[in-house]
Each structure stands twice: as C-alpha cells, then as structure tokens.
Amino acid sequence: MAALLGRDLLSLADISPTELQELLQLATQLKSQQLKLQCNKVLGLLFSKASTRTRVSFTVAMYQLGGQVIDLNPNVTQVSRGEPLQDTARVLDRYLDILAIRTFAQQDLETFAHYAKIPVINALTDAEHPCQVLADLLTIQESFNTLAGLTLTYVGDGNNMANSLMLGCALVGMNVRIATPSGYEPDSQIVEQARAIANNKTEVLVTNDPELAAKGSAVLYTDVWASMGQEAEADNRMPIFQPYQISEQLLSLADPEAIVLHCLPAHRGEEITGSVIEGSQSRVWEQAENRLHAQKALLASILGAE
C-alpha cells in the first residue's frame, strides 16, 4: 500500500479502484491476524461531532498498531475560542503524525488538509463518511465473497452516507440505488461523480420509490432520518420518511440471501424495525466491528506501518 503513504483521505474519490481493493485486502489480513504491523506514530482526533464507533475504533486501531492517540476535543482547545483553522492546522502539523477530523463542513476539513503537511482523514463531515463505507464494503465482501456485480440499496435521507456509498460502490463495481423522499436526494454533484467512476459499467440510480430500489437487491442499507445537527427537523421528517423504513415487508422484496446494514446509532421503529436489525439477515454488528479493521488498514497504509 505504498501508494497511500502520506496521503489525505478526504473523500472516497481520492483513491482508485485498485487502491480501495488493496485496502480491503489488507483489512482482511489484519482482521484474521495473518499479518501484524507496527507503527510508532501519534494520531490526533479532532472531533466536533459526537462519536462512539469512530472514536473508539480509531483509538483501538492506533493502539494495536503500537502508536498513540491524542483526543483533541474542540471544547478544550483554542478552536472553541475562535482560533483560525489554518493556525490550528499548522500547529498540530508540528506535533502529530496524522489527524482524523470529524466535523460539519467539508470545507473545514479541506482547510485543515491544505495547511497541514501531515495526512488528514475524513472521520465524517456533512458531505461524506468514507471510513464507514470502507467497513461496509469489507462486511459485504465477507458475506458474499465478492463485491463486483452486487446491488446495494440505500433507503432514507440522501445524506453523507448516501454520498459515500455511491462513490464506494462505483469504485468496486457494485450497483447502487438510493431511494429518498422527494427533496431529500443526495448531492447531485456526487451523483454525477459516482456515475463517472462507474462509467456505465454499473448502475447509480436515484429514485423516490423504495420498493423499486429494494427489488432483488443483495444489500439493504439505512441510516437515521435526521443526522447530527438536524435534530430540530426530526418530528417533521417522521411522516415523510415512514415509507422508507427497512421493514420485513421491504426486506421481502430484496434477494432472499440479502443482508441488512445500518451505520448506527439506530432508532428502532423509525428507519428500521427491531425485528429486522435483530434478525438473521442483519450484519450490523459485524459492520460495526469492521470499523476497527478497515481503519487500522487505512492508518497502516498512510503511515507506512511495517
């Protein structure tokens, strides 16, 4: 994975199909302990949004590589007092080896990456969640022993998960269908970016019909209907999004061997029923575990672990 050495990961579009496949292969080897790597480096976590899986998985991954982690909570740094992002970036660049940022605006992430010479990883923005999709693809690959030619259907809000899933699926040769209520479609520029990557070899479909999207799909995927920062809209969104719930009925339209994914946290009875997330076709807990292995592979690749 020398190709990723020292590079940023701000979007899945930053890596090539071959690099993504190699990352997944490395994650598989690290998970099975066929390969053990060491990297005595320091990772900084600058998280402006709440986090469970991202924070813990990045921390454990770095510790298992033999490195160290500094949790840079914005509330206890000068960022919270208005220090310009470019100043913080240039200072942290002189202390850390790599920085993972979880924030709202993609532009803030890009500002950090511009002013910091160290690698910067997108640990979630309002635009994308690339690290989650690395784990998602690893989980799908484990379930089907392949990725190419499969169809993933995402139902719900056209948010950062929908954006990154389109890019990730296009990169690995999967069909992807995004079903959202009218007015909640994913970013149109990212839709076109994903279609350019797919190059007419696979499907990138955006629709308002969840049943059409689910038909015959190998993977059904959903996320909360109101993301962080949208909590005030939650009640108003509920009736709009109700037809986009992953229920037993929607799952019955998918392939009989289909799996169900959710990036968590889940609101049972809203975007997914309790019986589906706890059912035999759910791979949600394997998916959550794979955050650790996928991010360990990413850190090892960017930092040149040996």
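Residues numbered from 1 in each chain as written. Predicted model: local features only at pLDDT ≥ 70, side-chain atom pairs only at ≥ 80, totals over all residues. Heavy atoms only, no water.

In the annotation of an unreviewed UniProt entry, the entry for the protein chain reads Ornithine carbamoyltransferase, and the organism field reads Nostoc cf. edaphicum LEGE 07299. Of the protein chain, the UniProt comment under Sequence similarities (unreviewed entry) reads exactly: "Belongs to the aspartate/ornithine carbamoyltransferase superfamily. OTCase family." Its UniProt record gives the protein chain a comment under Catalytic activity (unreviewed entry), which states: "carbamoyl phosphate + L-ornithine = L-citrulline + phosphate + H(+)". (UniProt positions renumbered as here; feature names shortened; annotations may be inferred.)

Draft legend 1. Quick look at the layout of surface pockets. Reported here for the largest pocket is a volume of approximately 510 Å³. Forming the boundary of the largest pocket are 27 residues, of which Asp223, Val224, Met228, Leu264 and Pro265 lie nearest the centre. Listed by contribution, the elements that provide at least two residues to the lining of the largest pocket are helix 2 (53-64), helix 6 (160-172) and helix 9 (234-241). Residues that form the lining of the largest pocket fall into these classes: 12 nonpolar, eight polar and seven charged. (1 Å grid on protein atoms, 1.4 Å probe; cavity = no way out; pocket = protein on both sides within 12 Å on 5 of 7 lines; lining within 4 Å. Points joined across faces, edges and corners; volume = space filled by probe spheres on them. Helix = DSSP H or I, 4+ residues; strand = E, 2+ residues; numbered from the N terminus. Nonpolar A, V, L, I, M, F, W, Y, C, P; charged D, E, K, R; others polar.)

Draft legend 2. Expanded view of helix 3 (residues 85-92). Taken as a whole, helix 3 has its buried residues at Thr88, Ala89 and Leu92. One side of helix 3 holds all its buried residues, which, seen down the axis, span an arc of 100 degrees. Close packing links the buried residues of helix 3 with strand 3 (98-102) and helix 4 (106-115). (Buried < 20%, exposed > 50% of the residue type's maximum accessible area, 1.4 Å probe, protein only. Arc of directions from axis to C-beta. Contact = heavy atoms within 4.5 Å.)

Draft legend 3. Fine view of the pattern of salt bridges. Evaluated as defined, the whole model comprises 10 salt bridges. Note that Arg195 is salt-bridged to Glu192, the shortest N-O span being 3.2 Å. On the criterion of helical spacing, the pair formed by Arg195 and Glu192 is a turn pair, its members being three residues apart in helix 7 (residues 188-198). Taking relative accessible area as the criterion, Arg195 reaches 35% and is therefore assigned partly exposed. (Salt bridge = Lys/Arg side-chain N within 4 Å of Asp/Glu carboxyl O.)

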